[in-house]
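Structural overview
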Amino acid sequence: MESAIEPAKAKIEKKLKISGSEALVRSLLAEGVDLMFGYPGGAIMPVYDAMYDFQDQLHHVLTRHEQGAIHAAQGFARATGKVGVVLATSGPGATNLITGIADAMIDSTPLVCITGQVFSTLLGTDAFQETDVVGISIPVTKWNHQVTRAEEIPEAIAKAFYIAKSGRPGPVLIDITKDAQVQEFDFSYKKCEEIRSYHPIPALDKSMVEKAAKLINEAKKPYLLFGQGVILSHAEAELKAFIEKTGIPAAWTILGLSALESNHPLNVGMLGMHGNYGPNLLTNDCDVLIAVGMRFDDRVTGKVSDYATQAKIIHLEVDPSEIDKIIKADVPLLGDAKIGLKALLEKVKPNEHKEWLQRFRDCDKKEYEKVIKDELYPSKPELTMGEVIRMIAEKTAGDAIIVTDVGQHQMVTCRYSKFIKSKSNITSGGLGTMGFCLPAAIGAKMGAPDRQVIGVIGDGGFQMTIQELGTIFQTEIDVKILILNNQFLGMVRQWQQMFFDKRYSATEMVNPDFQKISAGYGIESRKIDSRDVLEDAIDTFLNHKGSYLLEVIVGKENNVFPMVPAGCAVSEIILE
């Protein structure tokens, strides 16, 4: 593709009198975009017409719904580290992006969303398919802007890409009126490298680095928590070097999963409501807590007033709004995770904390006996989600990209998947968006075509964006789709069982024949409900050339443990 783009870049250097629509396409090419997702409509039609002449340089994926387009762009961005690009029309086309934009905002996913808008003369008149998408999206975008004149397009796009990918990444929306798309002007393009008053990477305070290093060097029971900020700042090597030098146990948020290989001896597991026993329990026993690139989400902290009150808190974070927002930091380290870890690495002393680490391993043994053994190697006849995920993890050797939807299967998959490469776990974290998985898996596969991509979905979430099977059918990509079917909205049902006296209100699912639906889209499939055929089914699933759907019927009322009940402290985690 690069060779095809280079001539276009050469043309971009010269001034050309072109339409706003062509200027948009050329601006995207100048930013290195070669893949985008979208759905056409009246208000964006001039842009789609301009794209026709650039099909060899800019590949557009037609999804079956705008929500599918934006989740696909999220999957692409998360798998590649690049900016995902989405195109939609005005009105319902634009509003259908909002859920994905909100998801990208809270999960720090870099996106540039481009929406068409009615003619500028019609703004505010309730014209056909007019919606104030700029007003609607203000709370869920890092920046947004409405373009009403063609000559504004290059600068708006340049700013959009710079803002989306710099500092703490996030989604940006550019709304372009139809007259701006058809007007002509003298085009030239200059990438944005800075914006006055916007400082995406704060300068690290060296005195704070010294204070943090002193606390770490003197700690008897230090503990490190890492989130997606490690991945976004490309700090995986620095994280690994830091914990290996200091001997500090490290636990991850679900968005931080895969930043450190699963089998690393200092990787102690998953934080949060359904995380591992030791990482939650011992949070309230450490003496120094080092948080790197994570924001102390409520699912991680549990009851905030009882969270790590005995510990000194060091918080390394690029977004100043996250410092002291939930957990007060004794040493706030405002800055990029990679830069911060490098600075700390020079100041900390080599150390080992064998007795402290052993306490995590003792907790692992207790969790294995109480929870994991029965989940991964069950004696009961019905299949469990855990044994399916365990077998997939073994057969892929931790080398696949795993995309999950939201619910019990998400927690189980994050708990039992194994990874050896970064950017291998893609899920909706902060917003918890059902319907995320299928389109995100499509985007991930298009971003990483040489890696195996497996989408793990519940029967509920699958039906929220099931139409994106049509995108797979048309593009002929190879995505493996695993439906863990418990015939319930499982996570809601678990809460109803535990906290609402088993009053199962509106959570039982009567599902269609997923095999017939899959066949309609030309995707081979299989449905199983027996352990005797599980391994054979998974072998076929993983080795099949092209997309494949495997539906596994699992226990209807199996629950996910451990669990920190809502309103409880992390040290009140229960195993059953």
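If you're wondering where the values come from, they're calculated on a predicted model, not measured in any experiment.

With respect to the nonpolar core
With 98 residues, the main nonpolar core has Tyr223, Leu224, Phe242, Leu289 and Leu482 as its most contacted residues. Counting residues per element, this core draws most heavily on helix α16 (residues 354-376), which supplies 7 residues. Residues Val86, Ala88, Cys113 and Ile481 belong to the second largest nonpolar core, which totals 47 residues.

Some details on the packing of aromatic side chains
Using the criterion set out here, one finds 10 aromatic pairs in the structure. Note on Phe296 and Tyr307: the rings are 5.9 Å apart at their centroids and 75° apart in plane angle, and the pair reads as edge-to-face. Remark: Tyr307 occurs in the loop between α14 (298-301) and β13 (312-317) and Phe296 occurs in the loop between β12 (288-292) and α14; sequence separation between them is 11 residues. Each member of the pair, Phe296 together with Tyr307, is buried. Within the aromatic cluster, the residues linked to one another by ring pairs are Tyr223, Trp356 and Phe360. Across from the ring centre of Phe488, 5.8 Å away, lies the NZ or CZ of Arg493, which sits over that ring.

Details of the pattern of salt bridges
The final tally for this structure, using the stated rule, is 30 salt bridges. Among the salt bridges present, the one from Lys328 reaches Asp324, with a minimum N-O distance of 3.5 Å. By relative accessible area, Lys328 is classed as exposed at 61%. Each of Arg168, Asp319, Glu322 and Lys325 takes part in one network of salt bridges that share partners.

Points about a nonpolar patch on the surface
Taken together, the side chains of Phe119, Leu122 and Val182 make up a nonpolar region of the molecular surface, amounting to roughly 240 Å² of accessible area. Inspection of the secondary structure assignment puts Phe119 in the loop between β5 (111-117) and α7 (133-137). Judged by relative accessible area, which is 36%, Phe119 ranks as partly exposed.

Examining the side chain of Arg493
For Arg493, the position within the fold is in helix α22 (residues 490-499). Contact partners of Arg493, with chain neighbours within four places excluded, come to Gln408, Phe488, Tyr504, Thr507, Lys556, Glu557, Asn558 and Asn559.

With respect to the sheet that holds strand β14 (residues 331-334)
Taken together, 6 strands build an open sheet; the order of strands is β11-β10-β9-β12-β13-β14 and the sheet is parallel. Two strands close off the open sheet at either side, each with one partner strand: β11 (267-270) and β14. The average angle at which neighbouring strand axes cross in this sheet is 20°, direction not considered. Relative to β14, β13 is paired through 4 bridges, and the arrangement is parallel. Looking across to β14, one finds that Leu316 is bridged to Leu333. Helix α15 (residues 337-347) rests against β12, β13 and β14 of the sheet, and its axis sits at about 130° to β13.

Criteria and cut-off values
- Numbering of residues starts from 1 in every chain and runs along the sequence as written.
- In view of the model being predicted, local features appear only for residues whose pLDDT reaches at least 70, and side-chain atom pairs are presented and counted only at 80 or more, with totals across whole chains, interfaces and linings using the full set of residues.
- The side-chain figures draw on all heavy atoms in the structure; neither hydrogens nor water molecules are used.
- Here, nonpolar core means buried Ala, Val, Leu, Ile, Met, Phe, Trp, Tyr and Cys residues that are tied together by side-chain atoms lying within 4.5 Å of each other.
- Burial classes follow relative accessibility: with a 1.4 Å probe on protein chains only, a residue under 20% of its type's maximum area counts as buried, one over 50% as exposed, and anything between as partly exposed.
- Helix and strand assignments come from DSSP, with helices taken as H or I runs of at least 4 residues and strands as E runs of at least 2, each series counted from the N terminus.
- Any two rings among Phe, Tyr and Trp, with Trp reduced to its six-membered ring, count as a pair given centres within 6.5 Å; such a pair is stacked if its planes are under 30 degrees apart, edge-to-face if over 60, and tilted if neither.
- For a ring to carry a charge above it, either NZ of a lysine or CZ of an arginine must fall within 6 Å of the ring centroid while also lying within 35 degrees of the normal to the ring plane.
- Between Lys or Arg on one side and Asp or Glu on the other, a salt bridge is scored when a side-chain nitrogen of the former is within 4 Å of a carboxyl oxygen of the latter.
- In this scheme, patches are assembled from residues that exceed 30% relative accessible area and form no salt bridge. Like charges are connected within 9 Å, while nonpolar side chains (Val, Leu, Ile, Met, Phe, Trp, Tyr) are connected within 5 Å.
- The Shrake-Rupley method, run with a 1.4 Å probe sphere, supplies the accessible areas, and residue values consider only the shown protein chains as cover.
- Should any heavy atoms of two residues lie within 4.5 Å, those residues are counted as being in contact.
- Being paired, for any two strands, means DSSP has found at least two bridges between them.
- Every angle, taken between N-to-C directions, lies between 0 and 180 degrees, and every axis is a line fitted to C-alpha atoms, over only the stretch in contact when it is a helix.

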